[in-house]
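Each chain, letter by letter, is given below.
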Amino acid sequence: MTNHWIDIGNSDCILIMGSNAAENHPISFKWVTKAREEHGAKLISVDPRFTRTSSKADFYTALRSGTDIAFLGGMINYILSQKKYFQEYVLEYTNASLIVGDKYSFKDGLFSGFDPKAKKYDQSTWAFAMDDKGVPKRDLTLKNPRCVFNLLKQHYSRYQPELVSKITGTPVADLKKVYEMYATTGAKDKAGTIMYAMGWTQHTVGVQNIRAMSIAQLLLGNMGIAGGGVNALRGESNVQGSTDQALLFHIWPGYLGTPNSKLGSLQIYNEKSTPKSADPLSANWWQNKPKYVVSFLKSMFMDAATKDNDFGYDWMPKLDPGKSYSWLDIFDAMYQGKFTGFFSWGQNPACSGANSTKTRAALAKLDWLVTVNLFDNETASFWKGPGVDPKQVKTEVFFLPCAAFMEKEGSLTNSGRWAQWRYKAQEPQGQSRPDGDIMVELFKEIRELYKSEGGPLPEPILNLYWDYGKDGKFDAHLVAKAINGYYTQDVTVKDKTYKKGELVASFAMLQADGSTSSGNWIYCNSYTEQGNNMARRDKSDASGIGLYPKWSWCWPVNRRILYNRASVDLKGQPWNPNRTVVKFTGEVKDGKYATSKWEGDVPDGGWFPMMNPDGSRRDDSKYPFIMQTHGFGALFGPGRNDGPFPEHYEPIECPVEKNLMSKQLTNPVAATYATDQDVYKTCDPRFPFVATTYRVTEHWQTGVLTRWQPWLLEAEPQLFVEMSQQLAKLKGIKNGEKVLVESPRGSVEAVAIVTLRFQPFKIGGNEIHEVGLPWHYGWIWPADGGDSANLLTPAAGDPNTRIPETKAFMVNVRKKGA
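The structure presented is a predicted model; accordingly, all values stated were derived computationally and were not measured.

(A) Inspection of the overall build of the chain at higher detail. The secondary structure content of the chain amounts to 21 helices and 35 strands. The C-alpha atoms of the chain give a radius of gyration of 27 Å, which matches the 28 Å a tight globule of 818 residues would have. Dimensions along the principal axes, computed over C-alpha positions, put the chain at roughly 85 × 70 × 55 Å. Evaluated residue by residue, the chain yields a buried proportion of 57% over its 818 residues. Nonlocal contacts in the chain, meaning residues at least 24 apart in sequence, comprise 70% of its contacts between residues at least 6 apart. Averaging the coordinates of the 95 positive side-chain charges in the chain and doing the same for the 87 negative ones gives two points 4 Å apart.

See below:
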C-alpha cells in the first residue's frame, strides 16, 4: 500500500476491483463504511461475480475475468479525452512532459525491441531522449508528439467504450458510469483510492493491471494524498512483512535486487544495479543503494565481512542470468528431477500451487521433503493421496509440528506497512515448537556438521552471523534489532559520536564503508536505542486524518503515506487544506523561503518546495517521487518486462480466438512451461466456460487451519462451484447437485450453487459463461469435501513476477454421471 487502512476513510470515491474486500478483508471494510457514512464517499465494485462488496456498493458492474486492462484502458482514455486529469499535478509531478526516444514504437500489440525467438524485449528502445547533460528532455507545453502525454493519449485512444464493452462484457452505459464517478476525484479537493488484491495480480498481465490503475491515479492527482493511493490488500496478516524481508527469489531484504553470477564483484553489482540521474532536482534515492547493500552484508556476516573480502559478497547465492527461481519454476524443476530436497514451511503447495496435479507429481520426484505445519495436509501426505501408490513413492517425508501465531512473539507488517509487535498468549501445545526455535536448532546442527565433516561452499555457513537465540531458544528481539541495524565501529557524524553496538536511528545514517549493519534498510528506525517502536500503542493523532504516528511503526522512517510531498502544490501548501498530509511552514524572507520546515506526516525528504511564495523556482528542491530515477510519477514506465504502457492481452486460456485490441492474442512474454503436465487450451469446445477462483470469509487459504473446525463442517462442508441460472439450465444442473468441473489439467467434484451472482457476458456478440470456485479444499479432510480447485488452474505466469494465472482459465461443467 502507498497509504494505509485507516486512510481509506479519507477517500471520496473507492474503487474495489480485483478484490472482494467486504468478504476477504472484512476489517478493512470498516474504513470504507466510515468514508461513506461520514462524508458521503461513493463505493464502486467491479467484479465478475456479484459479491458481498458489490451488495454494499453505490454502483456495481461486472467484467469477464482477465479483461481488467481493457476496462482500465477505457478509464484512462476517458480521463484524457474528457480532460478530467489534474493538469498542474500531471505537468509538474509525472513524467508526462518527458520526451521518449525515437527507437520506441508500438504496433499490432507489440512494443519495439521484441525478439520472438527469445520471447523478450530489448528495453533500451523505450529510453527517454536525453540532453547533453544526460537529463531527460521535457516539453512543458505537452505539444511534442513524442512526449509521454501524447504517446499515452495515442495508445489509449483505441480503448473506446464500445470496443472495451465487446472485450469485457461490461455494458457501455456501465463503463461510462464508472469512469464518470471515479474521474470526479481529479479535483484538488477530492480523493479516490483503489483497493485491489489477487483478482488483479494472479494474471499473466498482473503487474500491468496495477500499472494501469497507477496511471489513472497519477492523471487524477491521487498519489501521495490522504484518501488516495494504490492499495494492495494482502491475503495474510504478514504478507507485506515477508515480502519486505525477501521471501521472493529476486530480491534481498528491502527490495535490493538479487545479483546474478555475471556480477562478479560488489563493485560491478553496485555499478550495474544503482540508478544514476544527472538531474539536480531528482533525489534518485536509490543512488544510496550501495550503503544499504553493504549494511545488509554486514548484518549477514558481521566481523567476518570486511572491505578486503567485498563484505562477504562472494558468499551470497547468485542467480543464473536469465533464469527465474519463482514458485512455478521451482516446481517445474522439481518435476523434472533437478533437485532432491524441499522444505515446505507453513504452506500447502499440493493445494495452493497452480496446476496442483503437476505439483503433487513433482513432490514424488524428491528424495526428501520436510513439512512444517500445525496439522496434517495434502503436501505432508501427498504420498497416500488419491490415485497414488505409496509403494511407488521414494520421497521420505518429515513432519515438524510448529506453533500457532498466538504461541510466539514477534512482529507483523500489515498491508499498510505498519509493523506491529505482538506477544505470546500461550505456550505451544504438545511437541510443537515455534518456527524460530526450529530454525535456531536446525542451523546449529548444520554448522556443527560443517565444522566436523566439511562440505561444499563452507564460508557462508561458517561465517554467517547467528546470535539470535538464548539457551537454544529463538529471541525475536535480537532478530528485530539486527534487522534495524547497528554501528559496527565507533562513528562520528556531525559532531555526534555513535558507539560500536549502538542501534542505528535511521537509514539516512547507513554507510557503504562497513561501519553500519542493517538486515533491511527500510526497517532501520523500527528498533532504536529508545526502544521497540513497533510495540508503541499511543493513540494520539494531531493530524486529524488518522495518521496515528505513535501507534506501532511504519516503514520507511514511520512515513504513513508514501510520496506525500505530491500532496502539496509547488509552494509546499496542501492541494486540499481539509486533508493535510504535509505542509511547508518554513520562514519567509523577501518572498522566499529562508528555513526548511515541514509539518504533518514524515515528509518524503526535507528539502524546500519547488517554488518560493513569490513564484520563483528553487534549485535546491527535489521532485516528489524520490524512488523514481528521474523523480516523476511514471505514466510511461520502462523497466517492466512486457511494455512501458499496459496493453490488453487475453489470458493464456480464453474463450475468444482474436484479441479485439490487436493481432497479439496473449501476452507475448508471459511465462509458460513445456512438460507433459503443462497443457493450455484456448477456444477448445471441450472447455467452453471461463473459470475463476476466490476465497470465502470463513476459510483460511487452503483450509489447513479451518477445515478441521466442527462448525465449518456443517456450514461449508464441501467444495462448491457457483454458476448462473442460465448456465445451469443449459447443462441441466440443479442447485445442490454434484457436478464435475474439468479443465485440460484435471477435474474436481463440487456441489453446484446456482445463483444470480453470476450472469452471462456478451463478448463480441457471443454469450460467454463464467463459473467460480473457492480454493480452500483438499482431500485430507473432510472425507467428502472434494479437492483443490488448483487441480484445474494452469501453470502460466506474469513475466515480471511469475505469479500464476489462477483467476482466468477454461473449464467444462457437467452433472456428475452425465
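(B) Highlighting the pairing of strand 1 (residues 13–17). Where burial is concerned, most of strand 1 is hidden: five out of the five residues are buried. Both faces of strand 1 are covered, namely the face carrying C13, L15 and M17 and the face carrying I14 and I16. Relative to strand 8 (residues 192–196), strand 1 is paired through four bridges, and the arrangement is parallel. The residue of strand 8 that forms the bridge with L15 is I194. Pairing of strand 1 with strand 2 (residues 42–46) involves five bridges; the strand directions are parallel. Residue pairing for strand 2: I16 is matched across the bridge by S45.

(C) Highlighting the packing of helix 4 (residues 68–81) against helix 7 (residues 161–168). Contact geometry for helix 4 and helix 7: axes closest at 9 Å, N-to-C directions at 165°. Accordingly, the angle class assigned to the pair helix 4 and helix 7 is roughly antiparallel. Our pair here, helix 4 against helix 7, has a crossing hand that is left-handed. Residues A70, F71 and G74 of helix 4 pack against V164, I167 and T168 of helix 7. For the contact of helix 4 with helix 7, the per-class residue count stands at four nonpolar, two polar and no charged.

(D) View of the sheet that holds strand 14 (residues 396–401). Pairing within the open sheet is parallel, and its three strands lie in the order 12-13-14. Two strands in the sheet have a free side with no partner beyond their single neighbour: strand 12 (341–345) and strand 14. In this sheet, neighbouring strand axes are inclined to one another by 15° on average, regardless of whether the strands run parallel or antiparallel. Bridge analysis of strand 12 against strand 13 (residues 368–373) gives five bridges, and the strand direction is parallel. If you follow G341 over to strand 13, its bridge partner there is W368. Along the sheet, helix 17 (residues 435–453) makes contact with strand 12, strand 13 and strand 14, crossing strand 12 at roughly 155°.

(E) Quick peek at the packing of helix 12 (residues 266–273) against helix 13 (residues 289–301). The contact between helix 12 and helix 13 brings their axes to 10 Å, and the two run at 140°. Looking at the two axes, helix 12 sits oblique to helix 13. In this structure, helix 12 meets helix 13 at a crossing whose hand is right-handed. Contacts between helix 12 and helix 13 involve L266, Y269, N270 and S273 from the first element and K289, P290, V293, V294 and L297 from the second. Class assignment of the residues belonging to the contact of helix 12 with helix 13 gives a composition of six nonpolar, two polar and one charged.

(F) Representation of the sheet that holds strand 3 (residues 59–61). On the basis of which strands lie adjacent, the open sheet formed by five strands has the order 3-2-1-8-9 and parallel pairing. The open sheet is flanked by strand 3 and strand 9 (230–232), the only strands paired with a single partner. Taking each pair of neighbouring strands and ignoring which way they run, the sheet shows an average axis angle of 15°. Relative to strand 9, strand 8 runs parallel, the two being bridged by three bridges. Note that in strand 9 the partner of Y196 across the bridge is A232.

(G) Main features of the packing of aromatic side chains. Taken as a whole, this structure holds 48 aromatic pairs when the rule is applied. Summarising the aromatic geometry, the rings of Y78 and Y179 are spaced 6.0 Å apart at their centres and angled 40° between planes, so their arrangement reads as tilted. Of this pair, Y78 sits in helix 4 while Y179 sits in helix 8 (residues 172–183), and the two are 101 residues apart along the sequence. The same class applies to Y78 and to Y179, which are both buried. In textbook terms, an aromatic cluster arises when at least three aromatic residues are bridged by ring pairs, as seen for Y104, F106, F111, F114, Y121, W126, F128, Y156, Y159, F636 and F645. The ring of W555 carries the charged tip of R417 above its face, separated from the ring centre by 5.6 Å.

(H) Highlighting the pattern of salt bridges. By the definition in use, this model includes 34 salt bridges. Here R707 and E378 are joined by a salt bridge, their closest N and O atoms 2.9 Å apart. Here the residue R707 occupies a position in the loop between strand 28 (689–694) and helix 20 (710–715), and E378 occupies one in the loop between strand 13 and strand 14, the gap between them amounting to 329 residues. Accessibility expressed as a relative area gives 1% for E378, which makes it buried. The partner of K408 in a salt bridge is D435, with the nearest N and O atoms 2.3 Å apart. Highlighted residues: K408 in the loop between strand 14 and strand 15 (410–413) and D435 in helix 17, separated in sequence by 27 residues.

(I) How the structure looks around unusual backbone geometry. Each neighbour pair has its own omega, and for W555 with P556 the value is -5°, a cis peptide bond. Structurally, P556 is set in the loop between strand 23 (553–554) and strand 24 (582–584). Put simply, W781 and P782 share a cis peptide bond, and its omega is -5°. Along the chain, the position of P782 falls in the loop between strand 34 (770–774) and strand 35 (809–815). Non-glycine residue K494 carries a positive phi angle of around 50°. By the secondary structure assignment, K494 is in the loop between strand 19 (491–493) and strand 20 (496–498). A relative accessible area of 80% places K494 in the exposed class. Backbone geometry at Y563 places phi at a positive 55°, although glycine is not the residue there. Here Y563 shows up in the loop between strand 23 and strand 24. Since its relative accessible area comes to 14%, Y563 is described here as buried.

Cut-off values and rules
Residues numbered from 1 in each chain as written. Predicted model: local features only at pLDDT ≥ 70, side-chain atom pairs only at ≥ 80, totals over all residues. Heavy atoms only, no water. Helix = DSSP H or I, 4+ residues; strand = E, 2+ residues; numbered from the N terminus. Rg over C-alpha atoms; globule rule 2.2 N^0.38 Å. Buried < 20%, exposed > 50% of the residue type's maximum accessible area, 1.4 Å probe, protein only. Contact = heavy atoms within 4.5 Å. Lys, Arg positive; Asp, Glu negative; His and termini not counted. Charge placed at Lys NZ, Arg CZ, Asp CG, Glu CD. Pairing = 2+ DSSP bridges. Axes fitted to C-alpha atoms, helices over the stretch in contact; angles between N-to-C directions. Parallel < 35°, antiparallel > 145°, perpendicular 65-115°, else oblique. Left-handed = near helix turned anticlockwise from the far one by under 90°. Nonpolar A, V, L, I, M, F, W, Y, C, P; charged D, E, K, R; others polar. Phe/Tyr/Trp six-rings, centres within 6.5 Å; stacked < 30°, edge-to-face > 60°. Lys NZ or Arg CZ within 6 Å of the ring centre and 35° of its normal. Salt bridge = Lys/Arg side-chain N within 4 Å of Asp/Glu carboxyl O.

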